[in-house]
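Chain residues, written in single-letter form:
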Amino acid sequence: MRLADRLHFARAAVTGAPWRSALSVLAMSIGVAAVVVLTALGDGARRYVVGQFSAIGTNLVIALPGRTGTGGFNPATAITSTPRDLTVDDAASLLRLPGVRRVAPLAVGTSEIAANGRLREVMVVGVSSSYVPMRNFELAQGQNLPDDDWNRAAPVALIGDKIREELFGPTPALGQLVRVGDRRLRIIGVLKPVGQGLGMNTDELVIVPVALAQALFNSNTLFRVLIEANSRPAIPEVRERVLQRLKERHRGEEDVTVITQDAVLATFDRLLGALTLAVGGIAAISLAVAGILVMNVMLVAVTQRTGEIGLLKALGAPARTIRRLFLSEAAMLSALGALLGYLLGQAGAFLLRQLFPVFPAYAPDWAVFAALATALLTGLLFGVLPARRAARLDPVEALMKH
Amino acid sequence: MPLIELQQIERRFQLGDTTVNALAGLNLRIDAGEYVAVMGPSGSGKSTLLNLLGLLDRPQSGTYRLENRDVTTLTVDEQAAVRSARIGFVFQSFHLVPRLSAAENIALPMTLAGIAPAERKARVAEALAAFGLSQRADHRPDQLSGGQRQRVAIARATIMRPALLLADEPTGNLDRHTGEEVVDLLEGLNAQGVTLVVVTHDPAMGARARRQLVMEDGRLKYDSLASDAGDAPR
């Protein structure tokens, strides 16, 4: 039998039982669409986090107190607190290292901010003036923190756009006095709205001189020291030098952790890449389910068309032809399902992007390819059993069932 | 010239504990161009005989020679090839593929045999005209009358120009008038040289054949050719 004739025959069989065909096409398409949408979500999350992490600055090396890995919580640090503080002077000493462009000490805590009779909880970040350009923040009004001695606690503050909105509304905020903790500070600048940035909502920050923050929280240690290298290739040596310098200053004890933005980025990338793969794998189970459904539908077709199979045999069709006819039908059903699922999945990803514009929900090419290939393969694989059953029917018995 | 030669054909079925002898020691010779009616009560083995002649079934022992070739030893696929080229079937319940048009149903044996579409088209058009179905080419079986359906089935059975046409109760599902038309059609084909074997319950139809076979318990009880002096079947 010619290929074109076989496809024609299979197509007639598919359209001849529209409900049965629609059901298996639907199942297959839901499977493929699930893979496309879920991997789009997973990969979107990866892109989102990577993008957010890149947004904290470029060529950054980050020093943090204690010998924790990049992995986060280490049980040792819970019992033995950091032996030596990471101080503002430590941070200042890094300024003179070769390859270092800028350094920003970072002390973080929560406090209250009050003005105009309104009060709210805020995250207070104590930094130097270099912090704002390093994080690529821009000022909507006013000016940056004064560029003076890091140990001087000038009573000034920059506030995020949302804080300004909540405390002052339409009235000008610049030059106003606010109370932060037990201090009275003058607002000298307002940040432009930027949105989310790695768990810290920049629009809800209050930025003050680092010495002021340390006094406010009664602490000498820094939360982080951000170091910006001159160039990307300089990052590893800068990291090495920072570690060396801090070790020297801490009497040879390596009690700080120095990580690079690249390394953190790569970790996130790997982690979320694996997540996407896992989610895609879970969605692929639905493809297997769809494959079983196609098999079921084809088995029903074989049962319902037993008489027809007997006829084809009587008309001289060899077993091979009958097997191929039913395989073609299964392949056609799964191909249709895969195509429809692909379109559905892309439409779903498009909808996600429309609903959450910040979230880059694009299904990765490998996932789309894998979903389509798996759909076709499972369809064929699960089509083999019904096709063989059809080909093995005894013609005399088959002809009696009509 | 013999078309069919059956020698000592045995066909037994296992039904639970009992063995049924559907065909027992059957010897039969049918010449090319004959018109044979096979009659007998239900369970006499006439359907088994027809399936055997059509290579849909195999005997446990004995030989079946079709056109001087032993076809009992052929593989399943080789038998399928013989069916495709040399044997046509007409069934009581027509056995048309419901989703295909009349023309596509007639073309089905050629499609399965891989004959080129252009030739198929020409031969189907010829057959449609010959069977008075030209106006019905694009109709699906459920849009055809019983007589038209059986004409489509006969056109399909003869489209490969077989040597042997096997009809199993071809008029069983038709009223008297359309049944006669179908029989006329089959007899016309026989007149053109096709060997016709009809299984029937209908004595009137059986009487029209040039040769009558009556079967009972898997054996030939009566052959009008062998015993001209014997009892004529009622």
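Cut-off values and rules
Counting from 1, residues in each chain are numbered in the order their sequence is written. Naming scheme: in the order in which they are written, chains are lettered from A and ligands are numbered from 1. The model is predicted, so local features are restricted to residues of pLDDT at least 70 and side-chain atom pairs to those at 80 or more, both for listing and for counting; the totals for chains, interfaces and linings are taken over all residues. Note that the side-chain values use all heavy atoms of the structure and ignore hydrogens as well as water. Numbered from the N terminus, helices here are DSSP runs of H or I no shorter than four residues, and strands are runs of E no shorter than two. Each radius of gyration is computed over the set of C-alpha atoms, and the globule rule expresses the reference value as 2.2 Å times the number of residues to the power 0.38. Partly exposed describes any residue whose relative accessible area lies between the buried limit of under 20% and the exposed limit of over 50%, with all areas from a 1.4 Å probe on protein chains only and scaled to the type maximum. Residue contacts are counted whenever heavy atoms from the two residues lie within 4.5 Å of one another. Residue exposure ignores everything except the shown protein chains as possible cover, and the areas themselves are Shrake-Rupley values with a 1.4 Å probe. Paired strands are those between which DSSP finds at least two bridges. Helix axes are fitted to C-alpha atoms over the stretch in contact, other axes to C-alpha atoms as well, and angles between N-to-C directions run from 0 to 180 degrees. In summary, the pairing rule links any two rings of Phe, Tyr or Trp, Trp by its six-membered ring, whose centres are within 6.5 Å, and it sorts them by plane angle into stacked for under 30 degrees, edge-to-face for over 60 and tilted for everything else. For a lysine, the NZ atom is tested; for an arginine, the CZ atom; a charge sits over a ring if that atom is within 6 Å of the ring centre and within 35 degrees of the ring normal. The patches described consist of residues with a relative accessible area above 30% and no salt bridge, like charges being joined within 9 Å and nonpolar side chains (Val, Leu, Ile, Met, Phe, Trp, Tyr) within 5 Å. A side-chain nitrogen of Lys or Arg and a carboxyl oxygen of Asp or Glu constitute a salt bridge if their distance falls within 4 Å. Summed over both partners, the accessible surface that disappears when two parts come together, traced with a 1.4 Å probe, is what is meant by buried area. In this classification, the charged set is Asp, Glu, Lys and Arg, the nonpolar set is Ala, Val, Leu, Ile, Met, Phe, Trp, Tyr, Cys and Pro, and all remaining amino acids, among them Gly, are polar.

1. Section: the overall build of chain A
Each helix and strand counted, chain A has 13 helices and twelve strands in total. Relative to its length of 402 residues, chain A is extended, with a C-alpha radius of gyration of 33 Å against a globular reference of 21 Å. In terms of principal-axis extent, the alpha carbons of chain A reach across some 100 × 55 × 40 Å. Counting only residues that meet the buried cut, chain A has 50% of its 402 residues in that class. Pairs at least 24 residues apart make up 80% of the contacts formed inside chain A by residues separated by at least 6 positions.

2. Some words on the overall build of chain B
If you tally the helices and strands in chain B, you get seven helices and ten strands. Here the C-alpha radius of gyration of chain B, 18 Å, is about what a compact globule of 234 residues would show, namely 17 Å. Counting only C-alpha atoms and orienting by the principal axes, one finds that chain B spans roughly 45 × 40 × 40 Å. For chain B, the exposed surface amounts to about 10400 Å²; the carbon and sulfur share of it is 49%.

3. Describing the sheet that holds strand β2 (residues 18-31) of chain B
Residue and element names in this part refer to chain B. Within the open sheet, the four strands sit side by side as β2-β1-β4-β5. Their pairing is antiparallel. The open sheet terminates on both sides in strands that have one partner only, identified here as β2 and β5 (69-70). Together, β1 (2-15), β2 and β4 (61-66) form the strand contacts of helix α1 (residues 46-53), whose direction differs from that of β1 by roughly 125 degrees.

4. Focus on the packing of aromatic side chains
Throughout the structure, instances matching the rule amount to three aromatic pairs over all chains. Aromatic side chains A:Y131 and A:F137 sit 5.9 Å apart centroid to centroid with 80 degrees between the ring planes, which places their arrangement in the edge-to-face category. In this pair, the class of A:Y131 matches that of A:F137, namely buried. Between B:F89 and B:F91, the aromatic rings sit 5.9 Å apart at their centres with planes inclined by 5 degrees, giving stacked as the arrangement. For the pair B:F89 and B:F91, one class covers both residues: buried. Over the face of the ring belonging to A:Y362 we find A:R353, whose NZ or CZ atom lies 4.0 Å from the ring centre.

5. Quick word on the sheet that holds strand β6 (residues 87-90) of chain B
Residues and elements named next belong to chain B. Taken in spatial order, the six strands line up as β6-β7-β8-β3-β9-β10 in an open sheet, and their pairing is mixed. What marks the edges here is a single partner per strand, and that holds for β6 and β10 (219-223). Shown here is a sheet whose adjacent strand axes are inclined to one another by a mean of 20 degrees, direction ignored. Summarising the sheet, strand β9 (residues 211-216) and β10 pair through four bridges and their orientation is antiparallel.

6. Some thoughts on a nonpolar patch on the surface
On the surface, A:I282, A:I285 and A:V289 cluster together to form a nonpolar patch covering roughly 310 Å² of accessible area. With respect to the helices and strands, A:V289 occurs in helix α9 (residues 261-304).

7. Observations concerning the environment of A:Q176
Residues and elements named next belong to chain A. Relative to the elements of secondary structure, Q176 occurs in the loop between α6 (161-168) and β6 (177-180). Among the residues examined, Q176 registers a relative accessible area of 32% and is labelled partly exposed. The spacing of Q176 and N116 is 60 residues in sequence and 9.5 Å in space, taken between C-alpha atoms. Setting aside residues no more than four positions away along its own chain, Q176 makes contact with F168, L185, R186 and I187.

8. Focus on the pairing of β6(A)
Residue and element names in this part refer to chain A. Alternating positions in β6 separate cleanly, V178 and V180 being buried on one face and L177 and R179 remaining unburied on the opposite face. Examined bridge by bridge, β6 and strand β7 (residues 183-191) share four bridges and lie antiparallel to one another. Residue pairing across strands places R179 opposite R184, the latter belonging to β7. Count of turn residues in the β6/β7 antiparallel hairpin: two residues, of which G181 carries a positive phi of about 60 degrees.

9. A look at the pattern of salt bridges
All names here are of chain B. For the structure shown, the criterion picks out 34 salt bridges over all chains. Here E119 ties to R123 by a salt bridge, and the two come within 3.0 Å at their closest N and O atoms. Taken together, the residues E119 and R123, both in helix α4 (residues 117-130) and four residues apart, mark about one turn of the helix. For R123, a relative accessible area of 11% gives the class buried. The partner of R208 in a salt bridge is E187, with the nearest N and O atoms 2.9 Å apart.

10. Some words on the interface of chain A and chain B
Opposite the 26 residues of chain A that make contact, chain B presents 25 residues. Across the chain A/chain B interface, buried area totals approximately 2200 Å², and carbon plus sulfur atoms make up 63% of it. Taken together, the connections running from chain A to chain B amount to two salt bridges. When the shortest N-O distance is used, the salt bridge between B:R120 and A:D5 registers 2.6 Å. Those elements giving two or more residues to the side of chain A that touches chain B turn out to be α1 (3-16), α10 (306-314), α11 (319-355) and α13 (395-400) of chain A. For the side of chain A that touches chain B, a count of residues per class yields 14 nonpolar, six polar and six charged.

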